[in-house]
Amino acid sequence: FTQIETTTPASPEYYPVLMAMGTKNPTLPPGVHCIGKATAAGSAGDGFVTAVKIVQQDGFSAALPIMAHRDTGGQGIDKPSTTYGTSILRFFVNVGRKFSVPRIRLNFANAVAANMTITPKLFFDNFSSSSTDGLTVINNTNYAASERFAEFTPALGGEQNMVLELRWSGSALLPILLPIEIDLRIETD
């Protein structure tokens, strides 16, 4: 399982996950990347991926991982599907000085449509605070004209660093294109 920080140190979030080391693309930095999340409930003492197997599900597709898992409710097995659950992506920015964030822009591969939801959130200074002020939930209610981008003006800031969190919860995929634009303004003391 993996643990991700929150602004409440006593209650981080836990997820049973499948991790991959390195990358096929030599221009990307090596590291450990989460490539799958099991449906098991995550908690500090439970919710684990117990086995992984690469299988070819039909004759015309690439081999994909399946994951066995267990939690207090029992055991199960998960395979990749076209239904999307909660996924989280975090971007860490180390500034090293007092700063503010006047603008963030996200570009999408698809137009925003029904069942697409991304909730942005900013964490500051090693997760000591967080805010959603100025960050609108991305869905077809708030972006009803099928926009292919979202631009925010949060006017928030921190003393040392920040994390932009994007949390998908819709049942339809809304891919974000790179680069993600984050304007930073260094504040003078």
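Everything discussed here concerns the structure shown above.
Residues numbered from 1 in each chain as written. Predicted model: local features only at pLDDT ≥ 70, side-chain atom pairs only at ≥ 80, totals over all residues. Heavy atoms only, no water.

Outline the pattern of salt bridges, supporting the account with residue identities and numerical values.
Inspection of every chain in the model, using the stated rule, returns 6 salt bridges. Of the charged contacts, one joins Arg-90 and Glu-165 as a salt bridge, the two residues approaching to 2.8 Å between their closest N and O atoms. Linking Arg-90 in strand β8 (residues 87-94) with Glu-165 in strand β14 (residues 161-168), this pair joins segments that are 75 residues apart in sequence. We classify Arg-90 as partly exposed; its relative accessible area is 23%. By sharing partners, the salt bridges in this structure join Arg-103, Arg-105, Glu-151, Glu-181 and Asp-183 into a single network. (Salt bridge = Lys/Arg side-chain N within 4 Å of Asp/Glu carboxyl O. Helix = DSSP H or I, 4+ residues; strand = E, 2+ residues; numbered from the N terminus. Buried < 20%, exposed > 50% of the residue type's maximum accessible area, 1.4 Å probe, protein only.)

So what's going on with the nonpolar core? Which residues, and what values?
Counting residues in hydrophobic clusters, the biggest one holds 24 residues, and the most contacted among them are Leu-106, Phe-108 and Ile-138. Among the secondary structure elements, those contributing two or more residues to this core are β9 (99-108), β10 (118-124), β12 (149-152), β14 and β15 (176-186). Of all the elements, β9 adds the most residues to this core, at 5 residues. Setting aside residues no more than four positions away along its own chain, Leu-106 makes contact with Ile-138, Arg-148, Phe-149, Ala-150, Phe-152, Leu-166, Ile-176 and Ile-180. (Core = buried A, V, L, I, M, F, W, Y, C linked by side-chain atoms within 4.5 Å. Contact = heavy atoms within 4.5 Å.)

If you had to explain the sheet that holds β8 to someone new, which residues and values would you point to?
Pairing is antiparallel in the open sheet, where 4 strands are placed in the order β8-β14-β10-β11. Among the strands making up the open sheet, the edge pair consists of β8 and β11 (129-131). For this sheet the average axis-to-axis angle between neighbouring strands, irrespective of direction, equals 20 degrees. Pairing between β10 and β11: 3 bridges, direction antiparallel. Paired with Phe-124 across the two strands is Ser-129, which belongs to β11. (Pairing = 2+ DSSP bridges. Axes fitted to C-alpha atoms, helices over the stretch in contact; angles between N-to-C directions.)

Can you tell me about the packing of aromatic side chains, naming the residues and giving the values?
To describe a pair of aromatic rings, you give the distance between the ring centres and the angle between the ring planes. In this structure the tally under the stated criterion is 2 aromatic pairs. Here the aromatic rings of Phe-99 and Phe-124 are separated by 6.1 Å at their centres, their planes lie at 45 degrees, and the arrangement is tilted. Of this pair, Phe-99 sits in strand β9 while Phe-124 sits in strand β10, placing them 25 residues apart in sequence. You can call Phe-99 buried: its relative accessible area is 2%. Aromatic side chains Phe-123 and Phe-127 sit 4.9 Å apart centroid to centroid with 55 degrees between the ring planes, which places their arrangement in the tilted category. Like Phe-127, Phe-123 is buried. Above the ring of Phe-149, the side-chain terminus of Arg-105 is found at 4.1 Å from the ring centroid. (Phe/Tyr/Trp six-rings, centres within 6.5 Å; stacked < 30°, edge-to-face > 60°. Lys NZ or Arg CZ within 6 Å of the ring centre and 35° of its normal.)

Explain a nonpolar patch on the surface residue by residue, including any values.
A contiguous nonpolar surface patch, about 350 Å² in accessible area, is contributed by Met-19, Met-21 and Val-32. With respect to the element layout, Met-19 can be found in strand β3 (residues 17-21). On the basis of relative accessible area, Met-19 is assigned to the partly exposed category, the value being 39%. (Patch = residues over 30% accessible without salt bridge, like charges linked within 9 Å, V, L, I, M, F, W, Y side chains within 5 Å. Areas by Shrake-Rupley, 256 points an atom, 1.4 Å probe, with all protein chains shown as cover.)

Go over unusual backbone geometry, please, and point to the residues and values.
With omega at 5 degrees, the peptide bond leading from Leu-178 into Pro-179 counts as cis. Relative to the helices and strands, Pro-179 is located in strand β15. Non-glycine residue Ala-155 carries a positive phi angle of around 50 degrees. Checked against the element boundaries, Ala-155 lands in the loop between β12 and β13 (156-158).

Just give me the short version of the environment of Asn-142, but keep the residues and values in it.
Structurally, the position occupied by Asn-142 is in the loop between β11 and β12. The class of Asn-142 is partly exposed, set by a relative accessible area of 39%. Sequence separation between Asn-142 and Ala-40 is 102 residues; the distance between their C-alpha atoms is 31 Å. Polar contacts involving the side chain of Asn-142 include one to the main-chain carbonyl oxygen of Val-137, which spans 2.8 Å. (Polar contact = N/O pair within 3.5 Å; in protein donor to acceptor, adjacent residues only side chain to side chain.)

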